[in-house]
Amino acid sequence: MVAEITPLFIPGGMGPPELAIILIIAILLFGANKIPKLARSTGEAMGEFQKGREKVESELEEMREGGTVEGETADDDEFVDTEPVTTEEETTTETETETN
């Protein structure tokens, strides 16, 4: 007779034995009193993450539609270029001076 060994983790999903083992390990690690607090804080963190994700998705959707994101304006008149404009002659003069 060949004895079959069933794995603890089945790639298709987790069954009741696996969940029971995880629960026992969690109780041993955190204690029975801290598990509800841990679950609550995990739920709050997931909620905050989802709110942030939804905000980013809505901003991306607005940008795809050609709209503007909150706090930005659609006018290009407000753009100020801070780089000085140089001509080709000024650029060649500067490089000749640096090499001498």
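Residues numbered from 1 in each chain as written. Predicted model: local features only at pLDDT ≥ 70, side-chain atom pairs only at ≥ 80, totals over all residues. Heavy atoms only, no water.

Q: Would you mind going over the pattern of salt bridges with me for this structure?
A: For side chains of opposite charge, pairing can occur when their charged atoms come near one another. Counted according to the given criterion, the structure contains three salt bridges. As a salt-bridge pair, Arg-53 and Glu-57 come within 3.2 Å of each other at their nearest N and O atoms. Taken together, the positions of Arg-53 and Glu-57, both in helix α2 (residues 35–64) and four residues apart, correspond to about one turn of that helix. The exposure class of Arg-53 is partly exposed, given its relative accessible area of 37%. On the basis of relative accessibility, which here comes to 43%, the residue Glu-57 falls in the partly exposed class. The partner of Glu-61 in a salt bridge is Arg-64, and the shortest N-O contact between them spans 3.2 Å. Residue Glu-61 and its partner Arg-64 are located together in helix α2, separated by three residues, close to a single helical turn. (Salt bridge = Lys/Arg side-chain N within 4 Å of Asp/Glu carboxyl O. Helix = DSSP H or I, 4+ residues; strand = E, 2+ residues; numbered from the N terminus. Buried < 20%, exposed > 50% of the residue type's maximum accessible area, 1.4 Å probe, protein only.)

Q: When you look at α2 in this model, what are you seeing that I'm missing?
A: Since the α-helix advances by 3.6 residues per turn, residues separated by three or four positions end up pointing in the same direction. Over its 30 residues, α2 extends 43 Å from the first C-alpha to the last, a length consistent with the 44 Å expected when each residue adds 1.5 Å. Following α2 by one or two positions, Gly-66 has its phi on the positive side, about 90°. (Expected span 1.5 Å × (residues − 1).)

Q: Just checking my understanding: could you explain helix α1 (residues 16–30) for this structure?
A: Across its 15 residues, α1 extends 21 Å between first and last C-alpha, which sits within 8% of the 21 Å expected from 1.5 Å per residue. One or two steps after α1, the chain reaches Gly-31, where phi turns positive at roughly 90°.

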